[in-house]
Each structure stands twice: as structure tokens, then as C-alpha cells.
Amino acid sequence: MTAAGATSSGSSSRWRVSTWLAFMCLLSHLMYFTEAQAGPSPLCTAQGLCTCYNTLNPPACYSPAIYRCEGTNRLVAGREPSGSCAITSAAGSPSPSPKPPAPAVPSPSPAPAAAQPSSLCAAQGLCTCYNTLNPPACYSPTIYHCEGTNRLVAGREPSGTCAISGIVSSPSPSPRPPSPSPKPPSPSPAPSLSPSPSPAPGVQPSPLCAAQGLCTCYNTLNPPACYSPTIYHCEGTNKLVAGPEPSGSCAIRATGSSPSPSPSPKSSSPSPQPAVSPSPSPSPSPSPSPSPVSQPSPSPAPPPSGNCEAPAGSILVAPLPGSLTNNAPPSLPPFGVADNQFTARPIRMPASAPEDPAGLLRRPFPTSAWFTNLLWSGGEDPVQVFPYHVRVRGPPNAGTAAADRGLWVNKPYYTGNQDGGVIFDTFPELQLTLAELQAASNPTITAADWDDLSVTMKFTAGPGAPTMNFPLVKGSPYITAQVPTPAKPLLRAPRAGSGGASIGSVTRVAPNKLKLVTQQIPFSGQHTWLLWASKPISFTAAGSAVSIWDAASAAGTFAGTIRLAWMPNAGAAGAAAIEAMLDSYVDAVPLGGSVTAWSNENLPPLTTDTQAAAANLKSASMRANIEQTLLADLPLVLPPPSLLASNIFADWPSGARSWPWKGMQNVDAYFGGSELHAMGHLIYIARALEATAPAAGSTFGPTAAAAAVNVTNALKQLLLKRLQLPCTFAVPGGGANPGSLCYDNVFKLVTTARAQSATSGDGVEFFSRTGTDHHFHYGYWVSAAAAVAAEDPAWYRQNLEPYVTALVRDYANNDKDDPFFAYARHKDWYMGHSWAAGLQSSWDGKNQESSSEAVNAYLAVAQLGKATGNAALEGWGRLLLANEVTAARKYTQVYSGNDIYAQIAGNSTANGISKAKVATILFAAKASAYNWFDPDILTRHGIQWMPFTTAGSSQLLPAAWLAEAWPMVAAGTTIPANRFWAPTDGSGGAQLGWRVLLAMAQAVIPGQQDAAWAALAALPIDASGGHALCGTIGRMTRTAAKWWIATRPA
């Protein structure tokens, strides 16, 4: 389960706004861990409630008729079995809780009058809600409302006053600065947009915490948070973090103390704060111009109960520094360090730092991040922020006209394309810029900051000159421009009359709000846009440009925030509702977003071949066949001892397949790693055959065990040899060790020496040195290492762990503070899936072809965590795996009832995605039914199937999809049934191995197992004794292919 939050700037405060992400629940609380043994809290006893020192915010006060306390540290829905408090006295002997007055017991029924206001809330001038997380919850009725007296929900109370109103009829201002109650609405017609936050106020200790002998932290969850300084520490007086206070005492010590200012929501330090949780955004207000908020940030509300709650027993898995490094500080990976050899480098990076003399990087750069198009000078390709496309035009691209400098924005539309895919097309529509930027002789554009969900682009007209910042946050319905100092903003149609849009009309809606209508010339369509400013403005519209300035400015300048939003065509009533909603949220200015994730015991177990699949192996004849195939495959898989003792690149024959499996002789990380993975998969199968032999009446158990040991020993040596090779990137082509691994200390990633060599070119090994496909490549290595670790964890820790950990950190790092590797390099938390493309600019944005290989990569992380007993790493891998599977089943797999492309015109044609039943490549702005390497329908599907592994493929491949797709693929493929490792007829094209995948996919369809087995058996055997698949295509042995088919559920 994941949580993600967006950092925002309200008018004169900083606070959190939640962004609901695809495939991700948003949670508005942190994980707290407390001591289990404690007496009843007087705060709870005073209310006639029981005490539970729970995992959210001790103490939790609860009614034993509604909740129960498990182990004195977890509050769970459901009454106490005894009907009395679990914690009743300091001595710990249970006794009935004092009966609360009837009206004070939280009622699950929606009856606001059934509960009395809490004096704890009344003391802060707040309303009371006996919610499902931690009763009582204290809240402001202008930000939240209480449903049924037991659930706090984002959105103001309809009446504007407390739902529980016996003692406090309406909220009053809190006497302390951290009160979440904002000022009453102001009659001012101007909205409260402001680019600058108010300074952090002084904060006093809470008497509620002091009464328990605990420290106070006015945190991002529910102020105040009471904590022990030996377990937690308070950062900036507003965030509770696991770990003792450095001083050992409270950060807020006494009345009158002056705490340090809160950190800004989006830190400019090299390592962003990792543990920020989100909060719900305020509910739409009926007023189109929300009033200024001068009080400090309101606290987030707890989420509604249900799927978005952190389940009991959750394990925090990300970010979790140390879970990959045995709790030691992250260190330089144990590979040779290489100087980056990119032929083209991204630009627009932050200013130079001591550790980065070239000025390229401040911290490990996410090479596959969705926004990297913005950092290149070449084609200035668009980025998909959703729902907008944006382009950054200007320096250092000398070809950009001065008038075109700025951020170009358009709302894309859907169309079919010649690839039978779906494309979000882009035509320039509006440009946000400064007159000073257009006139500047030495302007600059840099990526000022980025995080999990955003990037901020900074346009500067020159040293000491005005700037315009664009915090681009995925999912925001607004484009935001911040002008910190007085300047002259411009809004223009950059391609009016030449293939772009023109501005047809500009009208004033309010003192601070404009409505613009653009004419899309290529398509004769009109778009309506709304513009808001943080203060009343004046404007002039001349031709294709609109100048904006502060209505009170004699100099004709503006400083503040400008927001722009596209209005969909929804009819008069629908448009009015949408506009009112946009008006009410315009003050919530997102500046960024972070992701926190955890896993829990409610997830299904992590299955492997050994644990699960063997139970489906019902056929005795199939089992006997697999046993014999395993023995036949061993000579193909196990290298001769003479080869293991030699240099695997210099001494092994490079032309002839003297050892049929070739193993690590494959230089690049992808093909070589895939063969290691296949060996590891064979270990799981051998162990499954061993474990189930007695029940099956088979005598093969000892033989299978010996096979597992032999393959493990060979795999140990192959991994060790390859991982310990000296990095030879400085030698052309990688020299004698082209497959040796090197660490690129500029872009903080691992490549082979050949890929990193200056003579190789960026495209070698699938653009590996640009960060492309690293999860595909190293996922196979980690999968093999996990199999070894499961067999011999002590040997793994002693010999392989530092190397394999570095590979995991390269593509699936769960430590945001790691200075040597980017966090979750490939993952797009907004989309749910990964991007394979690295530092390459593309008009269609990032892309990923093989969803199944991405699934395998994250499965490998989970399997490694399980094999090494690292629960946090296992949970992290399972989280990444679940996200990837869910996204693939939504975006890649197409079948009845699961076709998001059906509504697109032209998509049902012969080459369309709906017809092909697969979106083979997902781009940020396009989906294609074709792959990168071969047009055959089997390869276009097969790249979404391989490698077949029980734990990954069983989750990824639904029978409903293959039942529809497989007959079409089987009928449409033209791959010959006699084409082995290389085309024998000289015609090129895909090999026979893809037909092995076809048989394996058929086995997923109910009732097709026997037919699939027969289809596999009918395929010819090559000269080495194996199917063509016994190599690189499909990443498996014959044993694995048969095992998959024989163990499919009936």
C-alpha cells in the first residue's frame, strides 16, 4: 500500500494537499511504534474511555464497545471480547473501564447528537469527531466534516459549525499558534493566492502531552503529537520521525521557547525529506474567491476507514535507509568508478556544487523520471504532466527565438496513428513567460528541484533579474507560475497563424480572474482557459499576447502567483460546476509531492515455485517427463570446470557454442543476466520436485536435490566471477573485460565497461549508459542471486551481498537519502508502472515495452528480501511488484471489459490496439500495438509474457486476457517452426523460441493444459539438444517451460 502527498503553498501558509494517484491509496498518518506496557492514560480516563498505546498516536482513547486494543499497542475495529478495557491500571490487572455517560460513547450510527464535545478539543477551539482512527479527533469545521460522529472527512462542515455542538457551538480561535482553525472568510473579492509562506510561528508545549510526561510535536498528522524523545524526534516542530532526539530531550521544552522554523515543503538540500505523508485537500467552497488564511498550516485529517488505512502490523518499507545496506550508511558500490561517457548530456541542471564540479548534479538523478525531456537542449520535446503537455523553450538552445522563451502549454487530444496505436497529440496553444525573459541577453533555464511527483523549472532573465518558476506537479488541474519579484508576465499564443492556436478573446470574470478562448487552427476547435492571479490585476490583449500587471502597480509589474486551467466542454451546467470547483481549489498551490509506502501481513504470501506451484502438478506422466528433462538440461546449463577456472571473456570461445548455454559469455548485462536468471529458476524447480517427490510416489527426490546443489554451485561461481571483474571502461570497447561492471559517478548508475566505453556509443546494450532498461537487465541478476541466497544465505552474505545490493540500489533503491543511487529509478508513482527509457529525449515522452520483465525485476527484489530475512526489502519489492502488475493489467492487456482504448477513433482497425489486444509499448503520450524489434503478432505479445515465473507471471497473466488474445496470436504468427538460434534461411526474423512462449501462454487458458503440453512437445529440438528458447529468448530452460505448463491450475 502506498501513500503520496503533494507539497503546497497556501496564501500565507504552507500545508499539505493530497493527490489521489492511480493504483495507490492515500494515507494521512505516519507509522509510530510505541512501548507496549503502560498504565491507563488520565486523558482517556477523564472521558470514560479505555486506553490503547497504538501505532498511530499514543494514547488512543476508545470505547470497548466499538474497538479493541491488541497487545496494548494497536487499536482495531471490533469490541473488546471481555467488554472492558485491556489496560486498566498501572499494575496491568484488567478491570472494567468506568462507564462513560451514554451520550459520550461514539456511536457508529450517523447521529451527531449521540456524542458530547471533547474538552480536549474544546480547549483548542476545535470541533470533536470520534473517528475510526483515534477518538477524539479535533478538527476545524472550515476544513473537515465529521460523518456520523465517527469519521473525519476532507471538506468543510455544511453548516460551518461543529457537528457535535453541546459544549462548543462554534469553533473559536486557538490561543496557541498551531491551531488548525483558519480565520473566518473575508469579504475581499481577491483570492488568497500567494507565492510566499508566512514565517513559522512560535510553538508552545501542549499540556495534553506534558500531562503524560511526553514531548510535543505539532506534526503533519494531528497536532499535537505526544512522543517519547527516546523513540522519536521532531523535525522543525512539525514532523514526527522515527529515531531518538539528538539531545535526548524535547525539541519544544518550555512555555516561551522559540522552536526552529519549519522546513520548506520542498527542500533545496541534496536529500529531500523522505517521510512526508499527505493530507486531504480542502473541500470545494461555494465561494469562487477563497479568502486569505493567515493562521499556520491546518493539520491533515485522518483518512476514512477502509482500504486506505494502514493495516495493523504494517512494516514501513520506503523510504527505509539501511534496509539494503544492513543498517550501515550507504557506501560507494564495489565496482570500478567510471567517468561518464555520454555523447549527449542533459542540460538545465542546477548550479555547480563542490561534489559536482561540472554542475550537472546535486544528488543522484532519476534518469528515467517522466520530466527529463525538459532538461535537453535539442528538440525541446514535450513532457506529459497530466492533464497537460508542456514544453520548455529557450536557452541554451540557440535556435529558439527570443519571443518563444517560456513554458508552452496545451491540453492534448486523442487520435489514432499509423502504428495502430493511440497518441495524445500536441500542438502549441499558450505560452507563459516574462517580457524581461524575452528581452534578456543571457537568460537561463534550470531544473531548480524535483521529487517523486514534480519538477520545478526556473526561468531567469539574468543575474539579479526577474525570475518565473513553474512547479509542475503530476495530476494538478492547474499550471502554476510563480513570480517572486516584480516583473512583467505575458501570456501569448506562440504559433498564432502558423499551425498553432490564436487567442480569440479575453474577458474579465473577477478582479483577479480572466477567461480566455483560444482557436485551435489545425482543427477549428475552441478551448476555454481560466486564469487567476494572487491579487487584482489589469491586462491588455494585443494580437496573440496578453500582458498582466498588478492593478495597484504604477510600474505595470506583478509579483505573486498566476494559475491557468483548461475548461472541458461539459455543457452550461457542467461547465459552471467545474469552474466553481476550480475556483474553490485555486488557493491550494502544489509545489511537489513525496511517496511513503508500507506493506502488511494481509498481502498474499510471496509464492515461489517451491512453495506453491507443485501442488498443481497432478499428472504423473508430466512429472516423470519433467524429471528426465531436468537431467537432460543440466549439461546445457552447467559450464565445464575448465571454463569456470578461466577468464570468462578472454578465454572462452566467442564464435562456437562449445558450451551450449554460453552463460556469462554474453557480454551485456541483459542477455548474460537472463541466462543467470534461468539457472536460478531451475534451482526452484529442482527443490519443488524434491519436496513433492514422496507424496507423488517418486524416487527422484535425491536426484533433484543434487541437481539444485550443482546448479547453485555453478551459479555462485558465475556470479562471483562476473561481479568481481575489474572495470575496464577506459579501454576501447571495454577491453578484455567488456562485461565487467562499472559505477558511473556522474549519473550514479551501474553499466558494463563496454556500454560505458567512449567508443561504444550511447545505443550499446539498449542505451544502458543512459540509464535505460536497468530494471530489465539487473532484475535478472538479482533474481539469480536471490535463488543462491535462498540456498546458502551465509555464503551469499559473505561473497555476493555488496555487489547484489548495489544492483538493487541501481534500479529499486528504497532510500531517498542514498547519495550514490537514485530513489526508485524507473518507477512513476503517478502512473503506477515504470519507465524503461533513460536519458533520451523523445517527442512521445518516456516509454516501456516489456511489462513482464519489469514485473520480474521487482519480484526479484521481493525474493531477495525473503531469502535474506529482510522483511522491509521483501515488502518494498512486493509493493513495486503489485504496482507494476496492476498497471500492466490496466494499460497493456486488452480484452472484453478491460479495453481503455476502445473509445479512440481508428483504434479498432486491423492494426489497432483493441484489435491486437495488447498495447506493446506504453509511452507517456502514446500507446503502440507494435514493439521495437519485430512486427510479428507473437513477438508483440510474447514480450509481455516472458519470463514465465510462478510468483510473477501467475499474478500478471489473467486467463481472461489470454483466452481472447491467444487464438488470435496463434493464428496470426508467421514465425516458422524450424527457425532455431539464427534464421537458417537468411531471411531474418524472430526465432522458434517465441513459439515456446506461445505454448506456455496457452496453458494459462482453462482446459488448455494438455493442448499446450502437446504443442511444446511438437516443437523440434536443435543440434545442442534443446529448444531454441534455451538461450536468450524467454529466459528459461526446457525444464522451466514444461514446469510452467504442468503446474497451471486446472
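The paragraphs below set out a description of the structure included in this document. On a predicted model such as this, the values are computed, not experimentally measured, just so you know.

### Overview of the sheet that holds strand β16 (residues 336–338)
Reading across from one edge, β16-β35-β36 is the order of the three strands in this open sheet, with mixed pairing throughout. The strands lining the two open edges of the sheet, one partner per strand, are β16 and β36 (749–752). Mean inter-strand twist for the sheet, computed between neighbouring axes without regard to direction, equals 45°. Where β16 and strand β35 (residues 741–744) come together, three bridges link them in parallel fashion. Among the inter-strand pairings, A338 is bridged to a residue of β35, identified as D744.

### Some remarks on the state of the cysteines
On inspection of all chains with the given rule, the structure shows four disulfides. The partner cysteine of C727 in its disulfide is C742, sulfur to sulfur 2.1 Å. Measuring handedness by torsion sign, the sulfur bridge of C727 and C742 sits at about 105° and is right-handed. Placement of the pair is C727 in the loop between α9 (701–723) and β35 and C742 in strand β35, with a sequence separation of 15 residues.

### Quick word on helix α6 (residues 620–637)
For α6, with 18 residues, the first-to-last C-alpha span of 25 Å sits near the 26 Å given by 1.5 Å per residue. Of the residues making up α6, those classed as buried are M622, R623, I626, E627, T629, L630, D633, L634, L636 and V637. At its buried positions, α6 is contacted by α8 (669–696), α9, α22 (1009–1018) and α23 (1038–1046).

### Re the side chain of H777
When you line up the elements, H777 lands in helix α12 (residues 774–791). Given a relative accessible area of 1%, H777 falls into the buried group. Contact partners of H777, with chain neighbours within four places excluded, come to A669, Y670, E765, F766, S768 and T772.

### A word on the sheet that holds strand β19 (residues 406–410)
Taken in spatial order, the seven strands line up as β17-β18-β19-β22-β27-β32-β31 in an open sheet, and their pairing is antiparallel. Edge positions in the open sheet fall to β17 (383–384) and β31 (537–542), since each of these has one partner strand only. Inspection of the sheet shows β31 paired to strand β32 (residues 545–550) by six bridges, in the antiparallel sense. When the bridges of β32 are listed, A541 appears paired with V546.

### Description of the pattern of salt bridges
According to the stated counting rule, one finds 19 salt bridges in the structure shown. Here K513 and E579 are joined by a salt bridge, their closest N and O atoms 2.7 Å apart. In this pair, K513 is assigned in strand β29 (residues 513–520) and E579 in helix α5 (residues 571–585), connecting sequence segments 66 residues apart. A relative accessible area of 4% places K513 in the buried class. Across the pair R1038 and D633 runs a salt bridge, and its minimum N-O distance is 3.0 Å. One end of the pair, R1038, is in helix α23; the other, D633, is in helix α6, with 405 residues separating them in the sequence. We note that R1038, like D633, is buried. Salt bridges sharing partners connect three or more residues here, namely K513, K515, E579 and D583.

How each quantity is defined
Residues numbered from 1 in each chain as written. Predicted model: local features only at pLDDT ≥ 70, side-chain atom pairs only at ≥ 80, totals over all residues. Heavy atoms only, no water. Pairing = 2+ DSSP bridges. Helix = DSSP H or I, 4+ residues; strand = E, 2+ residues; numbered from the N terminus. Axes fitted to C-alpha atoms, helices over the stretch in contact; angles between N-to-C directions. Disulfide = S-S within 2.5 Å. Expected span 1.5 Å × (residues − 1). Buried < 20%, exposed > 50% of the residue type's maximum accessible area, 1.4 Å probe, protein only. Contact = heavy atoms within 4.5 Å. Salt bridge = Lys/Arg side-chain N within 4 Å of Asp/Glu carboxyl O.

Limitation: the analysis is restricted to geometry and does not speak to function.
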